[in-house]
Amino acid sequence: MTQASPSAAPTLAQQLFHAAQMLRGVQAGRSLSDLLPTLPAALRPGVQAIVFHALRQAGLSAALVRLMAPRAPAPAVRCLLQVALSLMPEICTGEGDPVYQAHTLVSQTVQAAKVNRETEAQAGFVNACLRRFLREAPALLERARADASARWNHPGWWIQRLRQDHPRDWEAVLAANNR
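What counts, and where the lines are drawn
Within each chain, residues carry numbers counting from 1 in the order of the written sequence. In view of the model being predicted, local features appear only for residues whose pLDDT reaches at least 70, and side-chain atom pairs are presented and counted only at 80 or more, with totals across whole chains, interfaces and linings using the full set of residues. In computing side-chain properties, one takes all heavy atoms of the structure into account and sets aside hydrogens as well as water. Numbering of helices and strands starts at the N terminus; helices are DSSP runs of H or I of at least 4 residues and strands are runs of E of at least 2. Polar contact is the term for a pair of N or O atoms within 3.5 Å; when the atoms are in protein, one must be able to donate a hydrogen and the other to accept it, and sequence-neighboring residues count only if both atoms are side-chain atoms. Contact definition: two residues touch when any of their heavy atoms are within 4.5 Å. In this analysis an axis means a line fitted to C-alpha atoms, helices contributing only their contacting stretch, and an angle means the value between N-to-C directions, from 0 to 180 degrees. When describing relative orientation, an angle under 35 degrees is termed roughly parallel and one over 145 degrees roughly antiparallel, while 65 to 115 degrees is termed roughly perpendicular and anything else oblique. Should the near helix be turned counterclockwise from the far one by less than a right angle, the crossing is left-handed, whereas a clockwise turn marks it as right-handed. The predictor reports its confidence for every residue as pLDDT, a score running from 0 up to 100. To estimate how far a helix should reach, multiply one less than its number of residues by 1.5 Å. Remark: exposure states derive from per-residue accessible area (1.4 Å probe, protein chains only) relative to the maximum for the residue type, with buried under 20%, exposed over 50%, and partly exposed in between. Between rings of Phe, Tyr and Trp, where Trp is taken as its six-membered ring, a pair exists when centres lie within 6.5 Å; planes separated by under 30 degrees are stacked, by over 60 edge-to-face, and by other angles tilted. In this classification, the charged set is Asp, Glu, Lys and Arg, the nonpolar set is Ala, Val, Leu, Ile, Met, Phe, Trp, Tyr, Cys and Pro, and all remaining amino acids, among them Gly, are polar.

1. Remarks on the side chain of Asn153
With respect to the element layout, Asn153 can be found in the loop between helix H8 (148-152) and helix H9 (156-165). Within polar-contact distance, the side chain of Asn153 engages the backbone nitrogen of Leu60 at 2.8 Å. Contact partners of Asn153, with chain neighbours within four places excluded, come to Arg56, Gln57, Ala58, Gly59, Leu60 and Ala148.

2. As for the packing of helix H1 (residues 12-27) against helix H3 (residues 44-56)
Contact geometry for H1 and H3: axes closest at 8 Å, N-to-C directions at 50°. Viewed along their axes, H1 and H3 adopt a mutual orientation that is oblique. Pair H1 / H3 crosses with right-handed handedness. Along the contact surface, H1 presents Leu12, Gln15, His18, Ala19, Met22, Leu23 and Val26, while H3 presents Gly46, Val47, Ile50, Val51 and Leu55.

3. Some remarks on the confidence of the model for the protein chain
With 96% of its residues at a pLDDT of at least 70, the protein chain reaches an overall mean of 91. By mean pLDDT, the top-scoring element of the protein chain is helix H5 (residues 75-86) (97), and the lowest-scoring one is helix H10 (residues 170-178) (86).

4. Details of H5
With twelve residues, H5 should reach 16 Å at 1.5 Å per residue; the first-to-last C-alpha distance of 16 Å fits that figure. For H5, the tally of buried residues reaches ten of twelve residues, placing the bulk of the element in the interior. Contacts from the buried residues of H5 go to H1, H3, helix H4 (58-68), helix H6 (102-114) and helix H7 (123-144).

5. As for the packing of aromatic side chains
Geometry of an aromatic ring pair is reported as the spacing of the ring centres plus the angle between the planes. On inspection of all chains with the given rule, the structure shows two aromatic pairs. Relative to Trp170, the ring of Trp152 has its centre 5.9 Å away and its plane inclined at 65°; by these criteria the two rings are edge-to-face. Of the two residues, Trp152 is situated in helix H8 and Trp170 in helix H10; the sequence distance between them amounts to 18 residues. By the burial criterion, Trp152 is buried, and Trp170 matches it. Taking 5.8 Å as the distance between ring centres and 75° as the angle between the ring planes, the aromatic pair formed by Trp157 and Trp158 counts as edge-to-face.

6. Focus: the packing of H5 against H7
Between H5 and H7, whose axes approach to 11 Å, the crossing angle comes to 30°. The pairing of H5 with H7 is recorded here as roughly parallel in orientation. You can see that H5 and H7 cross each other, and the crossing is right-handed. On H7, the residues touching Val77, Leu81, Ala84 and Leu85 of H5 are Phe125, Val126, Cys129, Leu130 and Phe133. Looking at the contact of H5 with H7 residue by residue, the class counts come to nine nonpolar, no polar and no charged.

7. Quick notes on the environment of Leu81
The topology assignment puts Leu81 in helix H5. Under the relative-accessibility criterion, Leu81 is labelled buried at 1%. Through-space distance from the C-alpha of Leu81 to that of Ser31 is 21 Å; in sequence the pair is 50 residues apart. Those residues in contact with Leu81 that lie beyond four places of it in its chain are Val65, Phe125, Val126, Cys129 and Leu130.

Quick look at the structure:
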């Protein structure tokens, strides 16, 4: 993906691409604090905002990808889908959440896929998954949220530990943490 020129604002496609790379790095065990400084300064604020949001919705977006892709996509494709899904209007319902039109998000995500060697062959798959989400969002979200990690956007082991240690308050603890 080309870098933003100093005089031009980064495109949404560029920000999505880099946010997916950051998410991939975090999922591989790297610190976001170490990854963000590797970005050009013009990209950093937008990418940081997007990847923070994607991380807050990681459980739900991962469950949605699993529902729509029976075979696990390559990590670069999976992370791009997770970032895009986390930004969909059906998911961004809280105050302060990023606001993008769904069709713009689909278009820019597909554009991001097309210009990256790791994802260009899967641009059609990315498009199909995101358009399927637009058509079937209520049903997909309901199915995804049946999984505790997707519903609470916390790792399953953490949810189980809270249930065990705080049987009356575990849901309140998770809800407060999500706020």
